[in-house]
Each structure stands twice: as structure tokens, then as C-alpha cells.
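Fold and geometry: a report
Letter by letter, the chains look like this.
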Amino acid sequence: MCGIVGLISKENAVPGVLEALKRLEYRGYDSAGIAAENGQGITRQRTIGNIKTFADHLKKHPISGPTAIGHIRWATHGVVNEANAHPHIVGRVAVVHNGIIENFKELRAELGKAGVSFETDTDTEVVAALIDQNLTTDNPRDAVKKALEKLEGAFALGILIEGEAATIFAARRGSPLVIGFGPGGTILGSDTMAIAGIATRVCYLEEGDFAVLKSASADIFDADGNQVDREFCPLNAKATDLDKGNYAHYMQKEIFEQPTAISDTLGMYIDPLNSCVNLGEISFDFKKITKLNLIACGTSYYAALTARYWFETYGGLPVEVEMASEFRYRDVVQTSGELNLFISQSGETLDTLVALRHCKEKGQATAAIVNVADSTMTREAGETFLTFAGVEIGVASTKAYTCQLSVLAALAVAAGRARGVLSEKQEAEMVEVLSHLPSRLADVLYHDEAIQALASTLSQAKNVLYLGRGSLYPVALEGALKLKEISYIHAEGYPAGEMKHGPIALIEEGVPVVILAPTKGVHKKTLSNMQEAYSRKARIILVSDHEGIAAHKKEAFAGIEIPDVPDIGLAILYAVPVQLIAYHTAVAKGTNVDQPRNLAKSVTVE
Ligand code: M6R
């Protein structure tokens, strides 16, 4: 959350910083700002609102300079107003910051006693004030370094100092930061997408790094202050990944990209020709694992909840599923032989990262399923299984989720084979199911128009219930989360069998209830629970297979038919209608689908 950029250019750096900020907008859209050093001093422009508002403002109130830093904000400390928007300037120093300075109150009090007055409610302003104070006795590099030593918490920082032409100071601890060089100049950013287009060679700063960037060089120092050589590698980000194409929203584009995304992902883990799962060389042995802990947040957590059913049933493994933010601060008793598998689209979610580091400190084995290949989690986990969803820009996760489920399904089958729970024939049958999922998923997308037709009704609802059982219960949770996130309608996902123990009280005439109920296995019991809702006059939206839809025409206000596949493929297919329901309902309500209020794509605060 929050995105930072810095650019040293031969020309005016401000347009380049603005373009880079546009690519970071998924990280926050409460306010935006740029500060530029032009040889005579630092000038700054800031506005509340998204990057478009800021770009319009900048046209009317231009600033320029060959060295500039920029920021988009997802507010943590201090309300959304112009004063709290970055860059923050104190004396000769301008700062942009992603993260949280945890000891800012103490530092503020200390600086206050020394006569510094503050203009904002942010935690960031102390960083600029500390550096500015140090400049009275130290050279700029030492002034920044000394200030960093006093900071506690998480940060990625870009710093300009008046009079220091063509120089940006950068530092990271806990928040991601990448630097790069290219014909367009020297650039830093919160991720590679931000600096794509300018940088052709990039370097991911490591935990505790401090860098002094110049127009053609970067001096990098590690956490102990030693100058280090960090590896630079070529950057191959595709500009088309960032384009909406003919779709109205990124979320819509990403929903429709799912057949390709899961095909690309499954292609890395299954071998349909030889009818087996192929994980390549991995650092752990499923046979020896005593327990699997699946740890994640939000939608990734729901992917983990579904995977629990698969790992238990097909892998014969004891499984715990943990919300990262809770797991880290419980006294979880862990024994040797456990594998801790972290799931994250961004690979930067701080709750999940902190939980991963905690496990590593305890000597536990770790692995991660991550979509962003060059993320912190990828670098820190003992083993990484990448998803190949491509860049996901919509704040509401869609294709990353189904790709996570795809990898988890392949891992569960691999676990089953390794542990002797699944036979070779059963593995082959499951691989066959998985290999056909991309085209089955394309079939589900044909229901787009039918689902759109439901949106005007759903958009009037105050509450919506989602019910499912087994591997589809977490899909019910995910459906409710998607609807809440982008349409702001209250929704709850519930295990269908649990409804009669309480939530049934919410049902009154006309309340939409989305029933995820194939006619096979435990899922068919959900159809009985549907009757309980129907007889209380709920408006039933039935998502089921051909048999289920045909048999329940009377009860269903609407029916969405999903191909009949075995359990290992169900969650991936049933995810699509709940995504489309949320998407079209939000469009009907007129909310900002790709940038829902109060949210950010990558949550890098605890
Ligand atoms: O990048 P991560 O998968 O670690 O993100 C976890 C959650 O923040 C994320 O899934 C969030 O719940 C999404 N907004 C869901 O649409």
C-alpha cells in the first residue's frame, strides 16, 4: 500500500514519475504528489484523489526538474487531506514513503523539543525532519544514514535533498523497493511495473539496504553499512499487461483471462501427455511431512481453505489453515516435519511475510505460492511455486485466485501420490480433469450475459447470502468477499449446513441467496439447504450442474449451469460465476470496480 517512485533524468523527470505512478495506482488512490529538484530548490504538487485527478492538477500547475520523486497514498496515519499527502518536505528535505514508522510519536516528541514544528499527522514527516536536522552537522549521505538508524517499523523511502542535484537517496526495510537503469535515466519504484519503460536493468534492494542513486550509478550499502554489489538483471515487463484492451475494467479483463491464466499455470505443474503431476526438483518430500500449514490473507486464505479439503482427501495429510495476521501472534505449537505453505498473489502482503519470517526463525520448513515472480516472498521462502496469472491490476483478486487453486490442486495430487494415497490411475484421472479446466472455464464465461441480467436485482439488495459445502464452502466465502469489496453490499458466505444454526434468521422475502450446489457428493446436501431458504421466500440464485438446474427450475429465480466435473475441479469453475455476480452488481451500482473504496491491491502494513 502506497507506491513510491523516483527518477533522475537528463530532461524533466516529472512526466516519467507521473507515468510510473499511474502504473502503481493499484497500491492506493487516496492522494498523489510529486516533488522535483531543479537546481534552485525543491518544488512540489499534491492533490487528494486518484492519479487522474493529480495529473489534471499538474497540467494546470506544472513543476519540473531533472530529479523527482512521487507517491500515491493509501492512508494509514492521518486522514486523507492535502497536508497528509506525500511528498513531505521539511527544510531542505523531501520524502516519499511506503510503510509505517512505528516509533514516529517518540521521534516527533524528540524533534518537537528541539524546536521542529510539524504540518501533518503522518508518521512520514519525522523522516524528513530527522534528515534535515542531521544536515546541520553531517554531509547528506551521513545525514540520511543516521536518520535511518533511528527509524523503527517498515519502510521504502525515496529522498531528495535541496542542492544535491541528480541524486536520490533510497532505503528499504520491510517494504519492497526496486531500482533500475535505462536510456530514460535512473529510477526507483515500489515494483518493476512502475519502472518498466524507463529501466532496462533492475536490482531488487535487499532488507536493510540503503542506496545513493546518481544519473549513471548506484552506491548500495547493506544493513551493516558495508558497500555491496547487488545483481542487476534485465527487465522484461510487457506494456500490454497493463492495458485494459476492449474491457471496461481490469477486473473484467482479468476474469476473462482465466482460461489462459490457469492453462499457463497448470502447464508448469502437470504433464497431460504422461498423465502425471510434475513439480520438478523440490526441496521437501511430501512423504515425510507430518502436517501442512496453509497460511495466507483474504482471497488467498480462501484458496487455502478449499485446498485443505484436497490435501486431506487426496493427500492424506493433516492440515491447518491460518490467517497470517492471527497465526503470527498466536503461540502456535509447531513440531518438526511440518511444512508451512504461504499463499499470496503479490508476495508482498506484510501479514503473510511476517508469518513466513516467524516460521523461518523457528527453523520451520517454508514454501510459497506467489504470482509476482520477483517479490520478497519469492526470495525468502524455502521453495516457491509460481502462478502464471500475469499482472493482476484489479484490486479484487480473480485470476490470481483460480491460479492459486490450480497450483494447490496439483500439489494435493502430488502429495497423494507421494504418500501412497492415490494410485497412478487416480493421479492420471485427476490430471485429465485439471488439463480440461481451461476450456470448461471458457464454457462458464458464456454465462456472462445471463449474470449481467441479474445485476439490477442484486444491486438493490441490502444483504446477500452465499452457501456451499465442502470445497465450495470457501468459494461461498470468496463470493461474499468479492461482492462486499466492490459493490459495498453486505454479504456473508456460510457452510450450507450451518445456516439452520443461526443465519437462517436473516432470510426474509426477497433476500438473494446464492447456492453453490452441484448434484454430486456432499454438495447435493446444499440443495436441501436451498429448500430451507426457498420456503422462507428467499430469492434463489442456483449455481449447479445440468441435473441440478433442470431439477430445481421451480425454486430458482435464476440458474447458472456449470459443467459437471469431479471435486478437484469444482472450486475453480464455481469461482467464475461468483466473480461475475460481484462484477456486474458493482457496475450496476456504479461503484469504482477497479479501485474500491478504502482498499489497496498490495497490503504492506500489518
Ligand atoms: O497479495 P495477497 O494474495 O497476499 O493479498 C491478500 C489479500 O490482501 C487479497 O487477497 C485481498 O483480500 C483481495 N483484495 C481480495 O480480492
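The structure presented is a predicted model; accordingly, all values stated were derived computationally and were not measured.

Structural notes on the packing of aromatic side chains
For the structure shown, the criterion picks out 7 aromatic pairs. Members of the aromatic cluster, connected to one another through ring pairs, are Tyr269, Phe284, Phe286 and Phe385. A cation over an aromatic ring shows up here: Arg328 above the ring of Tyr329, its NZ or CZ 4.8 Å from the ring centre. Of note, Arg597 hangs over the ring of Tyr488, and the distance from its end group to the ring centre comes to 3.8 Å.

With respect to the environment of Val475
By secondary structure assignment, the location of Val475 is in helix 16 (residues 473-487). On the basis of relative accessible area, Val475 is assigned to the buried category, the value being 0%. Measuring from C-alpha to C-alpha, the distance between Val475 and Ala455 comes to 19 Å, with 20 residues separating the pair along the chain.

What about empty space enclosed by the protein?
One pass over the structure, following the stated rule, counts 2 cavities of 30 Å³ or more. The space that makes up the largest cavity amounts to roughly 70 Å³. Lining the largest cavity we find 13 residues, and of these Arg73, Thr76, His86, Asp123 and Thr124 sit closest to its centre. Tallying contributions element by element places strand 6 (residues 93-101) first for the lining of the largest cavity, with 3 residues. Of the residues contributing to the lining of the largest cavity, the split by class is 3 nonpolar, 8 polar and 2 charged. In terms of lining, the second largest cavity is formed by Asn463, Val464, Leu465, His490, Ala491, Glu492 and Leu506. Contributing elements (two or more residues each) for the lining of the second largest cavity: strand 23 (463-468) and strand 24 (490-495). Classifying every residue of the lining of the second largest cavity gives 4 nonpolar, 2 polar and 1 charged.

Side note on helix 14 (residues 424-445)
At 3.6 residues per turn, the α-helix brings residues three or four places apart onto the same side. With 22 residues, helix 14 should reach 32 Å at 1.5 Å per residue; the first-to-last C-alpha distance of 32 Å fits that figure. By the largest-angle criterion, Leu437 marks the main kink of helix 14, which is about 45°, and a proline, Pro438, follows within four residues. Listed as buried for helix 14 are Glu427, Met430, Val431, Val433, Leu434, Leu437, Pro438, Leu441, Val444 and Leu445.

Some details on the pairing of strand 18 (residues 291-296)
Looking down a regular strand, the side chains alternate between one sheet face and the other. Buried residues dominate strand 18, accounting for 6 of its 6 residues. Judged by which residues are buried, strand 18 turns out to be covered on both faces: Lys291, Asn293 and Ile295 on one side and Leu292, Leu294 and Ala296 on the other are all buried. Bridge count between strand 18 and strand 20 (residues 338-344): 6 bridges; the pairing is parallel. Residue pairing for strand 20: Lys291 is matched across the bridge by Glu338. Pairing analysis gives 5 bridges linking strand 18 to strand 19 (residues 319-323), with the strands arranged parallel. Note on strand 19: the bridge partner recorded for Leu292 is Val319. Taken together, strand 18, helix 9 (residues 298-313) and strand 19 form a β-α-β motif whose crossover is right-handed.

Some thoughts on the confidence of the model for the protein
It should be kept in mind that the predicted coordinates are not to be read in detail where pLDDT is low. Summing up the model confidence of the protein, the mean pLDDT is 92 and the portion of residues at 70 or higher is 98%. Across the protein, element-level confidence peaks in helix 9 with a mean pLDDT of 98 and bottoms out in helix 6 (residues 192-195) with 81.

Looking at the site of the ligand
Around the ligand, the surrounding shell holds 13 residues, and the nearest of these are Ser300, Ser344, Gln345, Thr349 and Glu485. Between an oxygen atom of the ligand and a side-chain N or O atom of Ser300, the distance comes to 2.6 Å. Between an oxygen atom of the ligand and a side-chain N or O atom of Ser346, the distance comes to 2.7 Å. Computed on the free molecule, the ligand has an accessible area of 410 Å², of which 91% lies beneath the protein chains in the complex. Comparing atom positions with the cavity grids shows the ligand to sit within the second largest pocket. Contributions of two or more residues to the shell around the ligand are made by helix 9 and helix 16.

About the cut-offs
Residues numbered from 1 in each chain as written. Predicted model: local features only at pLDDT ≥ 70, side-chain atom pairs only at ≥ 80, totals over all residues. Heavy atoms only, no water. Phe/Tyr/Trp six-rings, centres within 6.5 Å; stacked < 30°, edge-to-face > 60°. Lys NZ or Arg CZ within 6 Å of the ring centre and 35° of its normal. Helix = DSSP H or I, 4+ residues; strand = E, 2+ residues; numbered from the N terminus. Buried < 20%, exposed > 50% of the residue type's maximum accessible area, 1.4 Å probe, protein only. 1 Å grid on protein atoms, 1.4 Å probe; cavity = no way out; pocket = protein on both sides within 12 Å on 5 of 7 lines; lining within 4 Å. Points joined across faces, edges and corners; volume = space filled by probe spheres on them. Nonpolar A, V, L, I, M, F, W, Y, C, P; charged D, E, K, R; others polar. Expected span 1.5 Å × (residues − 1). Bend = angle between axes of the 7 residues up to and from the residue. Pairing = 2+ DSSP bridges. Right-handed = clockwise from strand over helix to strand, strands pointing away. pLDDT = per-residue confidence, 0-100. Near = heavy atom within 4 Å. Polar contact = N/O pair within 3.5 Å; in protein donor to acceptor, adjacent residues only side chain to side chain. Areas by Shrake-Rupley, 256 points an atom, 1.4 Å probe, with all protein chains shown as cover. Sits in = over half its atoms within 2 Å of the grid points.

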